[in-house]
Amino acid sequence: ALESWQRELREQFPIITGNPDLAYLDSAATAQKPRAVLDAVHTYLTTTNANAARGSYPWANRTTDLVERTRDVVRHFLGDPQAGRRDARSGVWFCGGTTDGLRAVARDWLAGRLTDGDEILVPAADHRANLEPWLEVRRILAARGVRVTVRELPYQESSGDYDHRAFPGVVGPRTRFVAATHVHHVHGGDMNVQRIREAVGPDVPICLDAAQGVGHLPLSVARLDVDFVVFSGHKALALPGVGAVWSRNTRGPAFRPGGWQGTPNTAGIASLEAALRWLDAAGTDRIDRWTTALAARLTEGLRHWPAYRVLGCRSGPAVERRHGIVTFRHRDIPSDDLGFILDSRGFMVRADTLCQAGATDGQGSVRVSVHVYNTAEEIDRLLTVLGELA
Ligand code: PMP
């Protein structure tokens, strides 16, 4: 049943069906778009295009409606209990993507709320986009004579998860904010965010970088008990240049002061509405079952050859739940060469240091990442080539 469901969905991606000899295996970098998203952008730009919240003519009103409606689509998609309520306390702000959104939370929201001696926890073993903005806050405040301590959210290499046993050593009465990651961009494990909430208590805001989670698996802000969720449209089947910041308690112009926070990327928002509705109809739980199975197929295959080492979470539960991302190295072939060989055989993969923050050994790696349009046949074809190189 899952196979026929997937075949039907795959058919909806023109760039995939139009290139049967290529395998796009770089969805963690950016995802391909279903026809519904392409059509939504075309329809918006050919029937409605106007600025939002400015004019009172029909195109302008329809654009304003699009923006407001998509805010609610985001709430709904993230499992926000306030979705559908006119008086919702939660807010959705459209940004350029995850990097831009995290920076906005850091500069426009967090910086003005910290005082001398406060502490924040940040994920130093995750993506740079979720480290640099918080370090920048420390720099900005230090220039004003406000000292903020930035502590590393403890990470355990062997499990690929945050090391909750070490939380008591870094959480204290001055802990004011935690930045964390939903799904890790190197090994695809979903991080145990609930343990962070248990450690810091109910009053410390937690901001989640959900760049690799949204569109891949169900995400419930109610269940995870977080205060901010930031994600990129382009990784969730929408256009590049649009993303969203969901915040539990902040409605209105909290970010980027200006006229209605500037002109939003309205065509991008149209794509985001269509993408989230498409994902919702497809079912993120089924998408997750599909992509997790493909990732498991690849790791199982790689295990046969000692020449390959799969990175991150060597043990522990995260091994079983790589949400569509597998990163590995070859013992002898440098990763950029391996990437080049795979390129030449029609496999589009990522081969570099993956924007990894914090201490890495500086070596590159090859990352294979899948979405709903990928197939077991593509993974098997890839394994055949990797086997030749093993
Ligand atoms: N965080 C994570 C976990 C990511 O994987 C990425 C994308 N590589 C980003 C943030 C940055 O996203 P964007 O480039 O869309 O701003």
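Residues numbered from 1 in each chain as written. Predicted model: local features only at pLDDT ≥ 70, side-chain atom pairs only at ≥ 80, totals over all residues.

On to the site of the ligand, then. Neighbouring the ligand are 13 residues, the closest being Gly97, Thr99, His185, Ala211 and Ser232. By residue class, the composition of the shell around the ligand is 3 nonpolar, 9 polar and 1 charged. (Near = placed C-beta within 6 Å. Nonpolar A, V, L, I, M, F, W, Y, C, P; charged D, E, K, R; others polar.)

A few words now on the sheet that holds strand β8 (residues 206–209). In space, the 7 strands of this open sheet follow the order β2-β10-β9-β8-β7-β3-β4, with mixed pairing throughout. In the strand order of this sheet, the two ends are held by β2 (91–95) and β4 (149–152), each with one partner. Each adjacent strand pair in this sheet contributes to an overall mean axis angle of 15 degrees, direction not counted. Of the pairings in the sheet, the one linking strand β3 (residues 119–122) to strand β7 (residues 175–181) comprises 3 bridges and is parallel in character. Pairing of Ile120 across the sheet is with Phe177, part of β7. Sitting on the sheet, helix α7 (residues 193–200) is in contact with β7 and β8, with an inclination near 175 degrees to β7. (Pairing = 2+ DSSP bridges. Helix = DSSP H or I, 4+ residues; strand = E, 2+ residues; numbered from the N terminus. Axes fitted to C-alpha atoms, helices over the stretch in contact; angles between N-to-C directions. Contact = placed C-beta atoms within 7 Å.)

This part is about the environment of Gln363. Along the polypeptide, Gln363 turns up in the loop between β14 (350–352) and β15 (365–369). Exposure remark for Gln363: the 10 C-beta atoms within 10 Å place this residue in the exposed category. The sequence separation of Gln363 and Asp352 amounts to 11 residues, and the corresponding C-alpha distance is 7.8 Å. Apart from the residues within four sequence positions on either side, Gln363 is in contact with Arg329 and Ser335. (Buried ≥ 20, exposed ≤ 12 C-beta atoms within 10 Å, placed from the backbone.)

What follows is about the sheet that holds strand β11 (residues 308–310). Strand order in the open sheet formed by 4 strands is β11-β12-β15-β14, and the pairing between neighbours is antiparallel. If you trace the sheet from one side to the other, it starts and ends with β11 and β14, each paired once. Averaged over all neighbouring strand pairs, the angle between strand axes comes to 30 degrees, with direction disregarded. As judged from the 4 bridges shared by strand β12 (residues 325–330) and β15, these two strands associate in the antiparallel manner. When the sheet's bridge partners are listed, Ile325 is paired in β15 with Ser369.

A separate point is the confidence of the model for the protein. Averaged over all residues, the pLDDT of the protein equals 93, while 94% of them reach at least 70. With a pTM of 0.96, the predicted complex shows an ipTM of 0.98. (pLDDT = per-residue confidence, 0-100.)

Positionally, Ile341 belongs in helix α11 (residues 335–344). For Ile341, a count of 18 C-beta atoms within 10 Å corresponds to the partly exposed category. Between the C-alpha atoms of Ile341 and Asp80, which are 261 residues apart in sequence, the distance is 45 Å.

Val105, Val229, Val245 and Ala275 are the most contacted members of the largest nonpolar core, which totals 105 residues. If you tally residues by element for this core, the top one is helix α9 (residues 266–282), at 10 residues. (Core = buried A, V, L, I, M, F, W, Y, C linked by C-beta atoms within 7 Å.)

Their axes nearest at 9 Å, the elements helix α4 (residues 58–77) and α9 cross at an angle of 35 degrees. The handedness of the crossing between α4 and α9 is left-handed. Judged by residue contacts, Thr63, Leu66, Val67, Arg69, Thr70, Val73, Val74 and Phe77 of α4 engage Thr266, Ile269, Ala270, Leu272, Glu273, Leu276, Arg277 and Asp280 from α9. For the contact of α4 with α9, a count of residues per class yields 9 nonpolar, 3 polar and 4 charged. (Left-handed = near helix turned anticlockwise from the far one by under 90°.)

Let's shift gears to the pairing of β8. Across the two faces of β8 the burial is the same, with Ile206 and Leu208 and Cys207 and Asp209 all buried. As paired elements, β7 and β8 share 4 bridges and run parallel to each other. Looking at β8, one finds that Val178 is bridged to Ile206. The parallel pair β7 and β8 is bridged by α7, and the resulting crossover is right-handed. In the sheet, β8 pairs with strand β9 (residues 228–232) via 3 bridges, with the strands oriented parallel. In the strand pairing of β9, Leu208 is matched with Val229. (Right-handed = clockwise from strand over helix to strand, strands pointing away.)

Bringing helix α3 (residues 35–47) into the picture now. Taking 1.5 Å as the rise per residue, α3 with 13 residues should run 18 Å; its terminal C-alpha atoms sit 18 Å apart, in good agreement. By the burial criterion, the buried members of α3 are Val37, Ala40 and Tyr44. Along the axis of α3, the buried positions cluster into a sector of 60 degrees, meaning they face one direction only. Across from the buried face of α3, at angles greater than 90 degrees, the exposed residues are His42, Thr43, Thr46 and Thr47. (Expected span 1.5 Å × (residues − 1). Arc of directions from axis to C-beta.)

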